[in-house]
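# Observations on chain architecture
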Amino acid sequence: MIRIGHGYDLHRIVPDRPLILGGVTIPWDRGLLGHSDADVLLHAITDAVLGALALGDIGRWFPDTDPQWRGADSAALLRQVLADPRVQPWRLVNLDATLQAERPKLAPHMDAIRQSIADIFGADVAAVSVKAKTMEGTGPIGQGEAIAAHAVLLLEPAPQP
Ligand code: MG
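Reference entry: report on the structure contained in this document. Everything quoted here is computed from the prediction, not taken from an experiment. (Residues numbered from 1 in each chain as written. Predicted model: local features only at pLDDT ≥ 70, side-chain atom pairs only at ≥ 80, totals over all residues. Heavy atoms only, no water.)

## Digging into the coordination of the magnesium ion
Surrounding the magnesium ion are the protein donor atoms Asp9 (OD), His11 (NE2) and His43 (ND1), at 2.0 to 2.2 Å. For the magnesium ion, the single-chain donor residues occur in sequence as D-x1-H-x31-H. Residues Asp9 and His11 agree in their burial class; the two are buried. (Donors = N, O, S within 2.8 Å, 3.2 Å for Na, K, Ca; no water. Buried < 20%, exposed > 50% of the residue type's maximum accessible area, 1.4 Å probe, protein only.)

## What to know about the nonpolar core
Residues Ile45, Leu99, Ile117, Phe121 and Leu153 are the most contacted members of the largest nonpolar core, which totals 49 residues. Sorting elements by how many residues they give to this core places helix α1 (residues 40–52) first, with 9 residues. Residue contacts for Phe121: discarding those within four places in its chain leaves Ile45, Val49, Leu78, Leu82, Leu92, Leu95 and Leu153. (Core = buried A, V, L, I, M, F, W, Y, C linked by side-chain atoms within 4.5 Å. Helix = DSSP H or I, 4+ residues; strand = E, 2+ residues; numbered from the N terminus. Contact = heavy atoms within 4.5 Å.)

## Here's the deal with the pattern of salt bridges
Under the counting rule described, the total for this entry stands at 5 salt bridges. Among the ionic pairs, Asp29 bridges to Arg30, the shortest N-O distance being 3.0 Å. Accessibility expressed as a relative area gives 56% for Asp29, which makes it exposed. Notably, a salt bridge pairs Asp96 with Lys131, separated by 2.7 Å at the nearest N-O pair. Highlighted residues: Asp96 in strand β5 (residues 90–100) and Lys131 in strand β6 (residues 128–133), separated in sequence by 35 residues. Asp96 gets classed as partly exposed once you look at its relative accessible area, which sits at 29%. Residue classification places Lys131 among the partly exposed residues on the basis of a relative accessible area of 35%. (Salt bridge = Lys/Arg side-chain N within 4 Å of Asp/Glu carboxyl O.)

## A closer look at unusual backbone geometry
Backbone torsion omega between Arg103 and Pro104 reads -10 degrees, so that peptide bond is classified as cis. Secondary-structure assignment places Pro104 in the loop between β5 and α4 (110–121). Non-glycine residue Asp16 carries a positive phi angle of around 60 degrees. Structurally, Asp16 can be placed in the loop between β1 (3–15) and β2 (19–21). Backbone geometry at Glu136 places phi at a positive 55 degrees, although glycine is not the residue there. Position of Glu136 among the secondary structure elements: in the loop between β6 and α5 (139–142). A residue is classified by how much of its surface remains accessible, and Glu136, at 70% relative accessible area, is exposed.

Here is the structure:
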């Protein structure tokens, strides 16, 4: 048996916040607004894991009304999901994600982002694809108001020890 999951997220661009994508801090003069560290890519990926197993969504697991998750490291949140007894019997086959961002240029950071995500899953980097697209200047993303991320992934049963 295999399970497919899809996730999507969007965060608003603001000054005086770090830009963290896939667990990697990207040097920029702006960042993303959010209750946690606002890692839009890891949020989409976390929702894809939860979606694959019909376990709800990141907002239900880590409510933004809960001060416990203020400034939370999204990599730690994803690790917590992966360690859940309902998720642990599954392992990643592959993951494909697309970032929508007009700026900054993300190509120089893609290898680091892919490796960071692979490390969180304990997977080979060859199983993790991350792409970036601009919106050709159109819409809120193209106008530099927000960054969005889409993710799909496939899970298969992990080998039993
Ligand atoms: Mg989010």
